[in-house]
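Residue strings, one per chain:
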Amino acid sequence: MHPSTLKADLFEQLLNSAPIELGRYRTLKITLSHWRYSFADQTVLDFGASSGLSISALLYHGAKSVIGVEPDQSRVADGIVMLQQASLGGRATLLHVADTRSLPFKDECFSFVLANGVIEHISQPRDEHIRELWRLVSPGGHLMINETPNKYLPKEIHTTNLWFNHWLPKNVAYRRAVRRKRFASERTDWDSSGWRGLGYFELVAPLTDYLLIPERTRAIAFQKNNYTIIVGKPLMR
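**Q** Explanation requested: the environment of His96 in the structure shown.
**A** Looking at where His96 falls in the secondary structure, it is placed in strand β3 (residues 92-96). Take His96: its relative accessible area is 35%, and that puts it in the partly exposed class. Spatially, the C-alpha atom of His96 lies 29 Å from that of His34, the residues being 62 residues apart in sequence. Among the polar contacts listed, one links the side chain of His96 to the backbone oxygen of Pro71, at a separation of 3.1 Å.

Now the structure itself:
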């Protein structure tokens with residue numbers, strides 16, 4: 001058992017009163033268990049880290065340290081407290097970054113970058129965000145997109161639970177969701193609600209010199225209608 005395991009379990013205990021987040025945390029730990037060779041004993045970037053859930057999961061599986069970036073300042077404040085309560089503050093850094101299209105790191109400085117349940121909440125087009133993440137991946141490193149809805153599957157389960165809605169033009173999909181009472185008309189976050197999901201070709205279109213890494217967690221990802229996509233940056237370019 002890795003020494004971080006005992007500490008990271010304290011974070012799970014903090015989620016006992018939040019069953020949805022607890023379920024997400026446990027599922028992420030299962031997913032990451034198949035990929036720990038990619039980040040064990042490394043400093044990792046967690047993009048869209050929210051309140052530290054994915055930071056803790058990465059540390060659970062042996063990341064040396066994790067830097068998380070998050071545009072929501074209140075989530076950063078909550079996450080710093082939770083990570084300290086879980087005795088992870090010494091190896092976890094959670095930063096507020098208002099514009100995540102421009103991150104305060106040098107080129108190719110992370111061997112592993114995780115975006116967990118994040119990309120679907122970025123309004124399209126997403127090319128700038130994806131290129132920025134790829135800029136930070138070192139040669140031989142990996143970018144992992146996880147828990148993002150697969151838009152190629154016919155039912156949209158993230159926001160509206162409607163068949164085919166995520167294949168429609170944005171305004172048509174919005175009106176249909178409101179008419180079917182699957183999205184409240186008073187809400188103003190349609191663009192960032194996650195309804196569109198992500199397609200593989202949308203992810204890789206902004207990238208250069210990438211390698212698709214065969215997935216090891218297909219059964220888990222498909223069951224949730226979510227992606228786990230790993231792309232690697234070649235050592236020689």
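**Q** Teacher, can you tell me more about a nonpolar patch on the surface here?
**A** A surface patch of nonpolar side chains, about 350 Å² in accessible area, is lined by Trp163, Phe164 and Trp167. Position of Phe164 relative to the elements: it lies in the loop between β7 (162-163) and α6 (170-179).

**Q** It is not clear to me how helix α3 (residues 53-60) should be interpreted in this structure. Could you clarify?
**A** Within an α-helix, residues lying three or four positions from one another point in the same direction, as the helix has 3.6 residues per turn. Among the eight residues in α3, seven count as buried, and that is most of the element. Among the residues of α3, Leu53, Ser54, Ile55, Ser56, Ala57, Leu58 and Leu59 are the ones counted as buried. Of the residues flanking the end of α3, it is Gly62, one or two places downstream, whose phi is positive at about 100°.

**Q** Would you mind going over the nonpolar core with me for this structure?
**A** A general tendency of soluble globular proteins is for nonpolar side chains to be buried together. Counting 29 residues, the largest nonpolar core has Phe11, Ile55 and Leu58 as the members making the most contacts within it. Mapped by element, the contributors of at least two residues to this core are α2 (19-33), α3, α4 (73-85), β3 and β4 (110-116). If one sorts the elements of this core by residue count, α3 sits on top with five residues. Ranked by size, the runner-up nonpolar core spans 28 residues in total, among them Phe105, Ala115, Leu143 and Leu198.

**Q** Would you mind showing me how to read the packing of aromatic side chains here?
**A** Aromatic ring pairs: the centre-centre distance and the angle between the two ring planes describe each pair. This structure, assessed with the given rule, holds 11 aromatic pairs. Look at Phe39 and Phe112: their rings are 5.1 Å apart centre to centre, the planes differ by 50°, and that puts the pair in the tilted class. With Phe39 in the loop between α2 and β1 (43-47) and Phe112 in strand β4, this residue pair connects regions lying 73 residues apart in the sequence. Judged on exposure class, the residue Phe39 and its partner Phe112 are both buried. With a centroid separation of 5.6 Å and 65° between ring planes, the pair formed by Tyr174 and Trp190 is classed as edge-to-face. Within this pair, whereas Tyr174 is found in helix α6, its partner Trp190 is found in the loop between α6 and α7 (200-204), the two being separated by 16 residues in sequence. A residue is classified by how much of its surface remains accessible, and Tyr174, at 24% relative accessible area, is partly exposed.

**Q** Mind showing me how you'd approach the packing of α2 against α3 here?
**A** Helix-helix packing: each pair is described by the crossing angle between the helix axes and the interaxial distance. Relative to each other, α2 and α3 sit at 35°, their axes nearing to 9 Å. For the pair α2 and α3, the crossing hand works out as right-handed. Along the contact surface, α2 presents Glu21, Arg24, Tyr25, Leu28, Lys29 and Leu32, while α3 presents Leu53, Ser54, Ser56, Ala57, Leu58 and Tyr60. Grouping the constituent residues of the contact of α2 with α3 by class yields seven nonpolar, two polar and three charged.

**Q** Whenever I open this one, the pattern of salt bridges confuses me. Can you help?
**A** For side chains bearing opposite charge, pairing can occur when the charged atoms are close. Applying the stated criterion across every chain, the model contains 15 salt bridges. For the salt bridge of Arg26 with Glu12, the shortest nitrogen-to-oxygen distance reads 3.0 Å. Here the residue Arg26 occupies a position in helix α2, and Glu12 occupies one in helix α1 (residues 3-14), the gap between them amounting to 14 residues. Notably, a salt bridge pairs Asp189 with Arg187, separated by 2.8 Å at the nearest N-O pair. Owing to a relative accessible area of 28%, Asp189 belongs among the partly exposed residues under this scheme.

Calculation criteria
- Residues numbered from 1 in each chain as written.
- Predicted model: local features only at pLDDT ≥ 70, side-chain atom pairs only at ≥ 80, totals over all residues.
- Heavy atoms only, no water.
- Helix = DSSP H or I, 4+ residues; strand = E, 2+ residues; numbered from the N terminus.
- Buried < 20%, exposed > 50% of the residue type's maximum accessible area, 1.4 Å probe, protein only.
- Polar contact = N/O pair within 3.5 Å; in protein donor to acceptor, adjacent residues only side chain to side chain.
- Patch = residues over 30% accessible without salt bridge, like charges linked within 9 Å, V, L, I, M, F, W, Y side chains within 5 Å.
- Areas by Shrake-Rupley, 256 points an atom, 1.4 Å probe, with all protein chains shown as cover.
- Salt bridge = Lys/Arg side-chain N within 4 Å of Asp/Glu carboxyl O.
- Core = buried A, V, L, I, M, F, W, Y, C linked by side-chain atoms within 4.5 Å.
- Phe/Tyr/Trp six-rings, centres within 6.5 Å; stacked < 30°, edge-to-face > 60°.
- Axes fitted to C-alpha atoms, helices over the stretch in contact; angles between N-to-C directions.
- Left-handed = near helix turned anticlockwise from the far one by under 90°.
- Contact = heavy atoms within 4.5 Å.
- Nonpolar A, V, L, I, M, F, W, Y, C, P; charged D, E, K, R; others polar.

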